[in-house]
Amino acid sequence: MNKHISRIMAPAALFAAVLLVASCGKAKFKIEGTITDAADSVLYLENMALDGPQRIDSTTLSAEGTFAFTHDAPEGAPEFYRLRINRQIINFAVDSTQTVKVNAAYPNMASAYTIEGGSDNERIRELAFKQIQLQARVKQIFDAQDLSAKAVIDSIMATVDRYKEQVMTDYIYKAPDAPSAYFALFQGIAAGNSYMMVIDPKRNVDDVKPISAVATSWDVHFPGSLRGENLHNIAIEAMKTRRILKAEEEGLKIDASKVTEADIIDIVLPDNKGVTRRLTDLKGKVVLLDFHVFSANGSMERTIALRELYTKYHDRGLEIFQVSLDEDEHFWKTQVAALPWICVHDDGSASQSYLYQARTLPLDYIINRDNVLVLGPQQIKDLDADIARQL
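Residues numbered from 1 in each chain as written. Predicted model: local features only at pLDDT ≥ 70, side-chain atom pairs only at ≥ 80, totals over all residues. Heavy atoms only, no water.

**Quick word on the overall build of the protein**
Part 1: Each helix and strand counted, the protein has 9 helices and 17 strands in total.
Part 2: Total accessible area on the protein stands at roughly 20600 Å², and carbon and sulfur atoms take up 52% of it. (Helix = DSSP H or I, 4+ residues; strand = E, 2+ residues; numbered from the N terminus. Areas by Shrake-Rupley, 256 points an atom, 1.4 Å probe, with all protein chains shown as cover.)

In structure tokens form, the structure reads like this:
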């Protein structure tokens, strides 16, 4: 009987051991530190998932306030977490097997903590503190006794818009691939019983631009990530709404299910003949988006290589949308006069091309026939083969 049980239990024990080894073999990150003045309080570690906070672990703090949590490290893209005691929250991001250290004091830990570790957690801390300051200013306006209801609303909106411009300039457009840029997209404030997002394309359609900037950058650096895909969905829905509202203003009715939008950041610039060109007008084509400086060393060889690609694949549906970043516009015009593809010039005054992080040139992106950016500089290994696969 005992031998029979042993024969049954042995495979199960082996399977459990395999699971244990597999679990132990996963890469981990660690969050540790001290939160003083919080004896007997429960500290929670939560994952800020797309569908809301998910509890991972918890501990009851001692009088010393020390704590340490270990969890599986994210794969493929940064992930967002928070430490929480009641409504006091510390946000942070993890992108590897790092150790993050936090020191704070309760009950004001959300507004006075230090954090070390992680490539971007100091900027997330800055954003969190700025949001707390913004909330305080909004509350002050809302509680003002000498303002009319309209004046309160106008003042709050102006305050939020000023904050939004600062955040977009200093945190989102400066480094759209950083976790802090993603974090900045989802800040909000309360005014009375209402809650509003700082960046909200439903309220202001121009707010789709920072969302698209981060989505495109995450496509490049973290291809296939759920957060990047979610940002694209938000941007696309906002652009659909814009088109429907615009049509209604013109007395037209559109079936929302028939509305589609580009899944890329549009670039609208003049070509060498002064004709305005739009990147999104090329839907139905496979597009090589190329950022280039014609005055740079190696430009001639680069142009020859692109001409070979264009000749080889243009009849099958390839188009090249080339963006020149040359300072000398006249020189650019002379260089591109005989080129068969679209070439536009960006003088840096009004284009969205900088959101593609065109810092090291030349730089290429491949866009499929549905206007979806499918490959960025880090994913393109063989330009010829990668284009052929899309055709």
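**Section: the packing of aromatic side chains**
Part 1: Considering all chains together, one arrives at 10 aromatic pairs under this definition.
Part 2: An angle of 25° between the planes, with centres 5.8 Å apart, marks the rings of Y81 and F92 as stacked. Residue Y81 is located in strand 5 (residues 79–85), and its partner F92 is located in strand 6 (residues 88–94); the two are separated by 11 residues in the primary sequence.
Part 3: The class for Y81 is buried, based on a relative accessible area of 4%.
Part 4: Look at Y310 and W341: their rings are 5.7 Å apart centre to centre, the planes differ by 55°, and that puts the pair in the tilted class. Taken together, the positions of Y310 in helix 7 (residues 299–313) and W341 in the loop between helix 8 (329–336) and strand 15 (342–345) put the pair 31 residues apart, joining distant regions of the chain. Just as Y310 is buried, W341 falls in that class too.
Part 5: The rings of F80, Y182, F186, W218 and F222 are connected pair by pair, giving a single aromatic cluster. (Phe/Tyr/Trp six-rings, centres within 6.5 Å; stacked < 30°, edge-to-face > 60°. Buried < 20%, exposed > 50% of the residue type's maximum accessible area, 1.4 Å probe, protein only.)

**Overview of the nonpolar core**
Generally speaking, a soluble globular protein has its nonpolar side chains buried in company with each other.
Part 1: Counting 38 residues, the largest nonpolar core has I172 and V214 as the members making the most contacts within it.
Part 2: Those elements that provide at least two residues to this core are helix 2 (121–142), helix 3 (149–172), helix 4 (179–184), strand 9 (188–191), helix 5 (208–221) and helix 6 (226–249).
Part 3: Ranked by the residues each element gives to this core, the list is headed by helix 3, at 8 residues.
Part 4: If we skip the residues at most four places from it in the chain, I172 touches V167, A181, A184, L185, I199, P210 and V214.
Part 5: In this structure, F29, I31, I35 and F129 belong to the second largest nonpolar core, which totals 24 residues. (Core = buried A, V, L, I, M, F, W, Y, C linked by side-chain atoms within 4.5 Å. Contact = heavy atoms within 4.5 Å.)

**Description of the layout of surface pockets**
Part 1: Taken as a whole, the largest pocket spans an internal volume of roughly 850 Å³.
Part 2: Around the largest pocket sit 29 residues that line it, and N91, Q131, F183, F186 and Y195 are the ones nearest its centre.
Part 3: Elements represented by at least two residues in the lining of the largest pocket include exactly strand 2 (42–49), strand 5, strand 6, helix 2, helix 4, strand 9 and helix 6.
Part 4: Along the lines of polarity and charge, the residues of the lining of the largest pocket split into 19 nonpolar, 7 polar and 3 charged. (1 Å grid on protein atoms, 1.4 Å probe; cavity = no way out; pocket = protein on both sides within 12 Å on 5 of 7 lines; lining within 4 Å. Points joined across faces, edges and corners; volume = space filled by probe spheres on them. Nonpolar A, V, L, I, M, F, W, Y, C, P; charged D, E, K, R; others polar.)

**Some words on the pattern of salt bridges**
Pairing of side chains with opposite charge becomes possible as their charged atoms draw close.
Part 1: If you walk through the whole model with that rule in mind, you get 18 salt bridges.
Part 2: Between R123 and D120 there is a salt bridge, and its shortest N-O distance comes to 3.5 Å.
Part 3: A salt bridge links R389 to D386; the shortest N-O distance between them is 2.3 Å. Of the two residues, R389 and D386 are both situated in helix 9 (residues 383–390); the distance of 3 residues between them amounts to about one turn of the helix.
Part 4: On the accessibility criterion, D386 (5% relative accessible area) is buried. (Salt bridge = Lys/Arg side-chain N within 4 Å of Asp/Glu carboxyl O.)

**A look at the sheet that holds strand 13 (residues 286–292)**
Part 1: Sheet architecture is open: 5 strands sit in the order 15-14-13-16-17, paired in mixed fashion. The open sheet has two edge strands, strand 15 and strand 17 (373–375), and neither has a second partner. The sheet shows a mean angle of 30° between the axes of neighbouring strands, direction not considered.
Part 2: Where strand 13 and strand 14 (residues 318–324) come together, 7 bridges link them in parallel fashion. Bridging across to strand 14, H292 finds its partner in S324. (Pairing = 2+ DSSP bridges. Axes fitted to C-alpha atoms, helices over the stretch in contact; angles between N-to-C directions.)

**Observations regarding a negative patch on the surface**
Part 1: A surface patch of like charges, here negative, comprises E327, D328, E329 and D347.
Part 2: Its place among the elements puts D347 in the loop between strand 15 and strand 16 (363–367). (Patch = residues over 30% accessible without salt bridge, like charges linked within 9 Å, V, L, I, M, F, W, Y side chains within 5 Å. Lys, Arg positive; Asp, Glu negative; His and termini not counted. Charge placed at Lys NZ, Arg CZ, Asp CG, Glu CD.)

**What to know about the packing of helix 2 against helix 3**
Part 1: Remark: helix 2 packs on helix 3, axes separated minimally by 9 Å, with the N-to-C direction vectors making an angle of 170°. Relative to helix 3, the element helix 2 lies roughly antiparallel. Contacts between helix 2 and helix 3 involve R123, E126, L127, K130, Q131, L134, R137, V138, I141 and F142 from the former and V152, S155, I156, T159, V160, Y163, Q166, V167, D170 and Y171 from the latter.
Part 2: Residues that form the contact of helix 2 with helix 3 fall into these classes: 11 nonpolar, 4 polar and 5 charged. (Parallel < 35°, antiparallel > 145°, perpendicular 65-115°, else oblique.)

**Comments concerning the sheet that holds strand 8 (residues 113–116)**
Part 1: Here 4 strands make up an open sheet; going across it, the order is 4-1-7-8 and the pairing mixed. The outermost strands of the open sheet, each flanked by one partner alone, are strand 4 (66–72) and strand 8. Put simply, the sheet's adjacent strands are angled 15° from each other on average, direction ignored.
Part 2: Lying on the sheet, helix 2 is in contact with strand 7 (99–105) and strand 8; it crosses strand 8 at an angle near 160°.

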